[in-house]
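# Breakdown of the fold
Letter by letter, the chains look like this.
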Amino acid sequence: MEIDYLATVLLSSLSSASILLIATIGLAVVFGLMGVINLAHGEFLMIGAYTALTTTQWGIPHVLSIPIAVVVTMAIGAAVEILIISRLYGRIFDTMLATWGLSIAFYQLAVLIFGTVTPGIGMPHYSFKIGAYSLAGYPLLMIVVAAVMALFVYGLMTRTVYGRKARAAIQVPEMAQAIGIDSSRVNTLTFAIGCGLAGFAGAVLLPIVPATPSMGFAFVIKAFLTVVVAGPVTLTGSVLAAIGLGGGASITASFLTSVAGDAFFFLITALLLWLFPMGISAKWRRKM
Amino acid sequence: MGTALSAKTLMISTALALLPAAAFADTKIAAIFDLTGGLNIYGIQQNNALQLAVDTINGQGGLLGAPIEVVSYDAQSEQSKYIQYSNTAILKDQVKAMFAGLTSSSREAIRPIVRKANIPYFYTALYEGGACDKQTFVTGSSASQQLSVLIDWAVKKYGKKIYVMAPDYNFGTISAHWIKEYAKQAGAEVVGEDFLALTITDYAPTIQKIQAAKPDFVVALPVGANQTGFLEQFAAAGLKDTIGMVSTNYGSGNQQVVVSPDAGKGLIASQGYFQPVDNPANAAFVKLWQAKYGSETPIVSEAVDVWNAVHLWSAAVNKAGSADSAPVIAALESGLTFDAPNGMVKLEPGSHHLRQNIYIAEGDDKHSFKIVETFPDVAPTYENDKCDLVANPSLAKHFTPESQ
Amino acid sequence: MTFSEKIYRSAGITFPIIATLAALAAAGVMDPYLAYVATSWVIAGMLGLSLDIVWGRGGLLSLGQTAFYGLGGYFGSVIAINLGPVTGNTLIWSPPAGAAFGALCAAALGWIIFFARMGPLQSTILSYTFTLLLWSLTQSFQLDVGAASIGGDNGLSNIPGMVLGFGQNAEALGPVAVFVAAIVIAAMVYLLTRVLMKSTFGRVVDCIRIDAQKAELLGYDVRLFQVANFAYAGAVAGLAGALFGAWANYLNPSIFSVQEALLVPIYVLVGGLGTLAGAFVGAIAIGGLSYWLGGGAVGGQTTLILGIGLIFLVLFLKNGILGALGDLWRLSLPDHNSAARDANPVAIDPDVLEALLKDAAVRAGPAKILETRDAFKRFGGVVPVNKVCRTFQPGRPSSLIGPNGAGKSSYLKTCVGIYTPEAGSILFGDGEDITRVPIFKRVRRGMGVKNQKPQVFGDLTVFDNLWMAAYARTRNKNAATEISEKIMGMLGFTKQAAVQASVLSHGQQQWLDIGMVLCLAPRVILLDEPAAGMTNEETRELSSLVRILARHMTVIVVEHDMEFVRTLEGHVTVLHQGEVFAEGDIDSLRADDRVLDIYLGRRAHV
């Protein structure tokens, strides 16, 4: 095994893990802070991607289309929270089913509005050479993006007043209201942030994963498994789970076949859930 | 002598008397395509082509003196709907012919149904090849048909080392088999292959494996929108300059529209039809199409497959003088030809597949293609070899090269 | 019971039978095409039934029922392709084979989920993943089994239809006959399911759904029941899958797709979660709706409509059609819960209680000793149980007191098995080490627990609550009825036998909980703050109860109420910061300055 092949495998596996983490963070926030499993998370990712795609087609550079995508998904997320999620707190299976219905509805709407073929935006042509191998640069950039995203969310949740309010509002809503926190507003904001993170992911990953109505579906399975395996300390747990599962799957795919990589992901997930029925971070004592 | 002559006259006059009666009965056909759902890029065009063909024939006086009637169903890109609507079309609408399906699995679901009902069924898309059934007629090209000319051409242009990137199901695995076959015939070698699940979005491992194998060109068969991501990543890693990229299904779903100009330029595709094909029949066809459906979306090969199928069936009905299954199938097996937008095509009597031109096109940087080579009159040799429904009318099988 | 009530109670049998007969009659005049389509609705109804068994009765939202449907379908069809030609008949092969394979796969997955004691969310996601994994793998899975050829994405073709006759010339049934066959099979499956769910097995499953921990605290091996229920549902799904294969003559990986999986919860929710028959109602409603909408523009958006429909169902129509009908009907029935208002205050008759306890001792054996040696439990940096050594014996009640955070409840939970200690051992009876023994086994060996909050099965009546406890012990229906009636009488709840437990007041629920524990005839009983929320009179009765109990079994009481502890006249242990701080009788402890210190927070050593 040549050293440069090994190095490229490690780097690109880290990049795959980062892409998974970028897609997962929004889900981890919503689940960790609200206990809500949003099965439409992948579709918010798709909405972000299509928003970014449409704005780039209008001439706006891709970098600027990302914040627009975030704003749009946050707005839609807030509406969904007010109309649907807020009526279902505490009913975890009902939330899952309702968001599942929502995801199917969004998917079909996307097919109706955008059709199944829309021009993509292509990847910037930067590449790195490591020995005899050349790696596309943009996916490697995702490692940096994922790290920044994780740190940003961690800071938001633990260091800001909003973050403390959000955690209080979920843990003991009536008590939070008793001390003047408008828990329903805070919850709407938290869900909207989770959706905004999904929209960010869709927009930022657009050069790598072309916008299609079914793109959410491809990510969503692995994102869920990552969050569920992560356990109660959702952010840190998800980072670890993404690196372990996503990176591991990518390494397996590099040495065997991609089907083997997928199988690795699912089987290790089942194994981890068997060993840690409540998630790997069930016994940790960190905050987030 | 006298009585024989008068008997003959009696027969002829009886036939003539019956003919108008048959002619005034409306002929109904079923069109079941994916008008909604993930596959509608193909389904909408297939349905449009069918309507256009029917309108054209009806405008010229219809079939056997009466217009063709179409019952149209939307399979919604869902397997279960194909089964349901095929049965509806047969049991309720009592159609005389069926034009349906895109994926091989939809065809396999429909085949037993049309077999039981004994009506002609046209499968109108490119696929892995090998379908063999008295009632089934295929106007799409088969993988062996496309690859037989593509591999040879690509080896001459790029070199002898080939890497295969294919989706992990029948179409991919069978195509990979043919690539190895034709590579051997051309003196080339498959240095690596990777089969990707349809939900994969991470192509980095594949790209690394390709680089490790150092091929002269890659045969990529991207299925689904996800896999166009592969082409982008390949280009972004700067590999297009040193490694060629060819495909048998790129373009069949207008992937060239999705892929960015940088990534699409120089990609080689091989199919039975591309809109830029230059001949009088295609010029007329495109004009007709664009008048009715606009010129925004390029016409895909599946649409022309449907157009050809309707015209071939209608020719068979005219030849048989009736829309009933037995005479029509016999007529379809008589070696019909048709001046199609993709050149002169011939329906092979034994295998029920289409002998047609295969075009090699190169992607440009304007989301379109340029035809670089035309291989005329390519026969579906594998199907002709395995499947002779004239000699063995009771065959009902899907031949795959691995199960020999 | 009024006539209306009798019909209501047997509605689960009478209406489905009427519906079955009506469907069979309709089949006689039905258009073959409609019969063909309607068969798929009946099969879908069976698939919905399998989900209702797992979700409506078992309490787990499984998104994996289509996995067993597809697996059963493939397996049954392969068997039918190969063995059908041997006998001519296919109905003796494919449905049983499909059911068996579905049950096997479900048992395997169920074993993983329930024996690992996964949380509900993890279980649902795992079941969903299982289905998606199958979908992904079957697209490239190719296998030739005899005459059957599974062709990956091209699926499994040439599946024979339903053949009822025997011999080489037996023909496949026509559409109307197939419809009739499907109805008959569905009716049999439904009736079997109903019988099963009404039996004690089904009743235990209901209890597990309502409160799994309480069911375990009664001594039921919850995991076994859950796996068995899941496996049975897998069998139903597998059977439906085999029938589907015979109907469509073709199967392919799309049976494992998300769109198929989405339909199943919709059927169940539309019909009514937990009603069993609702699954059929939902499937026929959705199927019929799709049929009438046809293939036009509206019908083409079926998935979109279903997605939005699911949202509305979840938000607004929680009970489904049958559920809503049942609620309406119940309004006109006599209300048994009104008897709750006439309850007398609980008055324990000591003689009755003594007789009960002597009886229990005869059946269950003598009282047992509970001992902990250096029991140690930590949660990260917090150590609520720090090397506690205690021995508890029958004769006088043993009390555990201490200030907040002393570790009293944690110690109790460690003895019960809700917490597993990191070190130390717990011995029971003749020195048997039960440190690693699961909760339900400890209960079966004679440990009875009453937790702080009253844990009763709210949806069940008072009598049924006691009966489930007594049955757990005796595994004999008559003995269970006898014991429940006696305990009910002792508690003064005879007139409230048919009252739903959720309607009782907090104090009444506490007494019911105590009654349930007594039904277990425990040899050691642990009571966590039993007097909490009780009135003064009730506390007096409780004290008398506890003292009588202590004469026949070992009693350990964790309490805050000092007066109550004093009335128990038993041995008292003071816990502080997880350790034994002092012990003795209540009066000497109350006079002890050190004890007062830790309660009032005085001086340094607190």
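Definitions and limits used
Residues numbered from 1 in each chain as written. Chains lettered and ligands numbered in written order. Predicted model: local features only at pLDDT ≥ 70, side-chain atom pairs only at ≥ 80, totals over all residues. Heavy atoms only, no water. Helix = DSSP H or I, 4+ residues; strand = E, 2+ residues; numbered from the N terminus. Expected span 1.5 Å × (residues − 1). Bend = angle between axes of the 7 residues up to and from the residue. Buried < 20%, exposed > 50% of the residue type's maximum accessible area, 1.4 Å probe, protein only. Contact = heavy atoms within 4.5 Å. Polar contact = N/O pair within 3.5 Å; in protein donor to acceptor, adjacent residues only side chain to side chain. Nonpolar A, V, L, I, M, F, W, Y, C, P; charged D, E, K, R; others polar. Core = buried A, V, L, I, M, F, W, Y, C linked by side-chain atoms within 4.5 Å. 1 Å grid on protein atoms, 1.4 Å probe; cavity = no way out; pocket = protein on both sides within 12 Å on 5 of 7 lines; lining within 4 Å. Points joined across faces, edges and corners; volume = space filled by probe spheres on them. Buried area = accessible area lost by both parts, 1.4 Å probe. Salt bridge = Lys/Arg side-chain N within 4 Å of Asp/Glu carboxyl O. Disulfide = S-S within 2.5 Å.

### A look at helix α4 (residues 104-117) of chain B
All names here are of chain B. Helix length check: α4, at 14 residues, gives a terminal C-alpha distance of 20 Å against a target of 20 Å (1.5 Å per residue), a fit within 8%. Of all the bends in α4, the greatest reaches close to 30° and is centred on I110; the proline P112 follows between one and four positions later. Most of α4 sits inside the fold, with 10 of its 14 residues counted as buried. On the buried face of α4, the contacting elements are α3 (79-91), β3 (97-100), β4 (121-123), β5 (131-133), β6 (136-138) and β16 (396-398). In the segment just after α4, N118 is the residue with positive phi, at about 50°.

### So, the interface of chain C and chain A
In this complex, chain C contributes 42 residues to the contact, which on the side of chain A involves 36 residues. Applying the counting rule to chain C against chain A returns one residue pair in polar contact (both at pLDDT 80 or more). Counting residues per element, the side of chain C that touches chain A draws most heavily on helix α6 (residues 120-138) of chain C, which supplies 13 residues. Split by residue class, the side of chain C that touches chain A holds 29 nonpolar, 11 polar and two charged.

### What about the nonpolar core?
Counting residues in each nonpolar core, the largest one holds 336 residues, and the members touching the most others are W100(A), M98(B), F230(B), L370(C), W511(C), L526(C) and L545(C). F230(B) has contacts with M165(B), Y203(B), T206(B), I207(B), I210(B), A220(B) and M245(B), leaving out every residue within four places of it along the chain. Grouped together as the second largest cluster of nonpolar side chains are 42 residues, L63(B), A316(B), V317(B) and F338(B) included.

### Here's the deal with the layout of surface pockets
Looking at the second largest pocket, its volume works out to about 1400 Å³. Forming the boundary of the second largest pocket are 44 residues, of which M278(A), R117(C), M118(C), G119(C) and P120(C) lie nearest the centre. Mapped by element, the contributors of at least two residues to the lining of the second largest pocket are α4 (92-114) of chain A together with α3 (32-57), α5 (94-115), α6, α8 (200-210), α9 (212-217), α10 (222-248) and β3 (370-379) of chain C. Its residues assigned to classes, the lining of the second largest pocket comprises 21 nonpolar, 10 polar and 13 charged.

### Remarks on the interface of chain B and chain C
Taken together, the contact between chain B and chain C spans 28 residues of the former and 25 residues of the latter. Taking both partners together, chain B and chain C bury about 2300 Å²; carbon and sulfur atoms supply 50% of that area. In terms of surface lost to chain C, no three residues of chain B exceed I83(B), L91(B) and N170(B), which account for 19% of the buried area on that side. Our count for the contact surface shared by chain B and chain C stands at zero salt bridges.

### Re the environment of A396(B)
Residues and elements named next belong to chain B. Along the chain, A396 turns up in strand β16. The spatial distance from the C-alpha of A396 to the C-alpha of Q45 is 29 Å, given a sequence separation of 351 residues. Apart from residues no more than four positions distant in its own chain, A396 is found in contact with R111, R115, C132 and D133.

### Thoughts on the state of the cysteines
Within this structure, the stated rule accounts for one disulfide over all chains. Disulfide partner of C132(B): C387(B), at an S-S distance of 1.9 Å. Measuring the twist about the S-S bond at about 85°, one finds the C132(B)-C387(B) disulfide to be right-handed. Within this pair, whereas C132(B) is found in strand β5, its partner C387(B) is found in the loop between α14 (381-386) and β16, the two being separated by 255 residues in sequence. Owing to a relative accessible area of 0%, C132(B) belongs among the buried residues under this scheme. Cysteine C207(C) remains unbridged, with the sulfur of C519(C) as its closest cysteine sulfur at 13 Å. Its relative accessible area of 0% is what places C207(C) among the buried residues.

### Details of the pattern of salt bridges
Applying the stated criterion to the full structure yields 33 salt bridges over all chains. The closest approach of N and O atoms between R91(A) and D94(A), which form a salt bridge, is 2.7 Å. Its relative accessible area of 30% is what places R91(A) among the partly exposed residues. With a shortest N-O distance of 3.3 Å, E422(C) and K377(C) are connected by a salt bridge. Taken together, the residues E422(C) in the loop between α17 (408-416) and β6 (423-428) and K377(C) in strand β3 connect sequence positions 45 residues apart.

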